[in-house]
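Fold and contact review
One letter stands for each residue in the lines below.
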Amino acid sequence: MGISRLRLLFPGVLYLLCLITAESSALEIFPGHPRLFFRDSAWGERSITTAQLRARVRDPRYKAYVNRLTYSTANLALKALLLDDSTAAADCVKMYKDSWGFDETTWDGEAVMWAALAFDWLYPSPFVSATTKSEMATRLAQGADWVMNQYSAQGAHVFHTRMYSFATGAGLAGLALKGHHANADRYIQWADSLYRKHLFPARRLQDGSAHSGMGYGRRYVMWHPGHFMSAWYSATGEDKWAQVRQSQGDWAWREAEFLMYSRQPDSLQVRYADCFNRTSERYQFRVIAERAYSYQEPAGYDY
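Not measured: the values here are computed from a predicted model.

Let's shift gears to the packing of helix α4 (residues 73-83) against helix α6 (residues 106-122). The interhelical angle for the contact between α4 and α6, taken along N-to-C directions, is 15°, at an axis separation of 8 Å. Between α4 and α6, the angle is such that the two are roughly parallel. As α4 runs across α6, the sense of the crossing is left-handed. On α6, the residues that touch Thr73, Ala74, Ala77, Leu78, Ala80 and Leu81 of α4 are Trp114, Ala115, Leu117, Ala118, Trp121 and Leu122. Classifying every residue of the contact of α4 with α6 gives 11 nonpolar, one polar and no charged.

Encoded structure:
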């Protein structure tokens, strides 16, 4: 009886393995750099190119924003890339090699995410040696391993801020490392599976809101999935933003509406759940701006 059951089970297992292999091999990652958020050439209807950003950083209207490209590895890498700034490249590498400050919180995933962006944006730089780039790839993989382990070890629920952070950090690390590290596919598949099977359904269930309110919910739960989807779009060409709008109840744009409609005439957010900060924050800007651009929503642009 046991052997018969195994014979019946084996074709099914083999079929599932074939499906997994087909799904993994069908995904193509753009081979060049940069590939996270923008590329050197256009690839889709919402493409952002390096040339567009180079023009923007030289526009005096945006000088105040360019001046802020200092305090993180991602900022310094972007400055190095867009301005051909060798000092920014050197400062980025130095900061990259320092401690990332892991503390087993949401920050860990964000630190890996910023490092993934830095690796991707700094990779084309002539100011960074091949040896240093290889060392950076190894360090980034170690960070991705760390947050994957944190996701499993902490046992938090799918509405917790850390789960989105850990998945986004590992996912962007994999997208950046493709072609440079043997574990890149593992990071990509792990993060994509988590989002498709658990985290996106959790966002859909809450239908634009966040149970953790205007504190942690607004600050962390909403913008991490957006950055994952935007990086995925530029790295693979697959439009998860469109999938969310068309077949998942449009929860991403509903999150932006939730934030806009919950702002009072005095510019404070309504007092709701964990509300340690009621003023507008850069986190709120990320949520609304990214969704307004991805969906070409006038209300988001006007806000």
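The next subject is the packing of aromatic side chains. As enumerated under the stated definition, the model contains 19 aromatic pairs in all. Aromatic side chains Trp114 and Trp223 sit 6.0 Å apart centroid to centroid with 20° between the ring planes, which places their arrangement in the stacked category. Pair noted here: Trp114 is in helix α6 and Trp223 is in helix α11 (residues 223-236), with a separation of 109 residues, a long-range link. For the ring pair Phe200 and Trp251, a centre distance of 5.5 Å and an interplane angle of 45° mean the geometry is tilted. Separated by 51 residues along the polypeptide, Phe200 in helix α9 (residues 184-206) and Trp251 in helix α13 (residues 251-261) bring together distant segments of the chain. Each member of the pair, Phe200 as well as Trp251, is classed as buried. Three or more aromatic residues joined by ring pairs form one cluster here, namely Tyr164, Tyr195, Phe200, Phe228, Trp232 and Trp251. The ring of Tyr233 has Arg46 lying over it, and the distance from NZ or CZ to the ring centre is 4.5 Å. Between the NZ or CZ atom of Lys133 and the centre of the ring of Tyr123, over which it lies, the distance is 4.9 Å.

The next subject is helix α10 (residues 213-221). Judged by how many residues are buried, α10 sits mostly within the fold: eight of nine residues are covered. For α10, the set of buried residues is Gly213, Met214, Gly215, Gly217, Arg218, Arg219, Tyr220 and Val221. Tucked inside the fold, the buried residues of α10 contact α6, α8 (161-177), α9, α11, α13 and α14 (282-295).

Let's shift gears to the nonpolar core. Ranked by size, the top nonpolar core spans 84 residues in total, and within it Leu36, Trp121, Leu122 and Leu140 carry the most contacts. If one sorts the elements of this core by residue count, α6 sits on top with 11 residues.

As a further point, take the confidence of the model for the protein. Residues of the protein with pLDDT of at least 70 account for 91%, and the chain-wide mean is 89. Note on residues 1-25: pLDDT is under 50 here. Beyond four places in sequence and across chains, it has two contacts.

Oppositely charged side chains are able to pair whenever their charged atoms sit close together. Applying the stated criterion across every chain, the model contains 17 salt bridges. For the salt bridge of Arg54 with Asp84, the shortest nitrogen-to-oxygen distance reads 3.5 Å. Of this pair, Arg54 sits in helix α2 (residues 50-57) while Asp84 sits in the loop between α4 and α5 (86-97), and the two are 30 residues apart along the sequence. Classification of Arg54 by relative accessible area gives partly exposed; the value is 25%. Across the pair Arg254 and Asp207 runs a salt bridge, and its minimum N-O distance is 2.7 Å. Separated by 47 residues along the polypeptide, Arg254 in helix α13 and Asp207 in the loop between α9 and α10 bring together distant segments of the chain. Taking relative accessible area as the criterion, Arg254 reaches 34% and is therefore assigned partly exposed. Several salt bridges converge on common partners, so that one network encompasses Glu45, Arg46 and Asp239.

Contact geometry for α10 and α11: axes closest at 5 Å, N-to-C directions at 5°. Regarding the angle of α10 to α11, the classification is roughly parallel. Along its contact with α10, which presents Arg219, Tyr220 and Val221, the element α11 presents Trp223, His224 and Pro225. The residue inventory of the contact of α10 with α11, partitioned by class, reads four nonpolar, one polar and one charged.

What counts as what
Residues numbered from 1 in each chain as written. Predicted model: local features only at pLDDT ≥ 70, side-chain atom pairs only at ≥ 80, totals over all residues. Heavy atoms only, no water. Axes fitted to C-alpha atoms, helices over the stretch in contact; angles between N-to-C directions. Helix = DSSP H or I, 4+ residues; strand = E, 2+ residues; numbered from the N terminus. Parallel < 35°, antiparallel > 145°, perpendicular 65-115°, else oblique. Left-handed = near helix turned anticlockwise from the far one by under 90°. Contact = heavy atoms within 4.5 Å. Nonpolar A, V, L, I, M, F, W, Y, C, P; charged D, E, K, R; others polar. Phe/Tyr/Trp six-rings, centres within 6.5 Å; stacked < 30°, edge-to-face > 60°. Buried < 20%, exposed > 50% of the residue type's maximum accessible area, 1.4 Å probe, protein only. Lys NZ or Arg CZ within 6 Å of the ring centre and 35° of its normal. Core = buried A, V, L, I, M, F, W, Y, C linked by side-chain atoms within 4.5 Å. pLDDT = per-residue confidence, 0-100. Salt bridge = Lys/Arg side-chain N within 4 Å of Asp/Glu carboxyl O.

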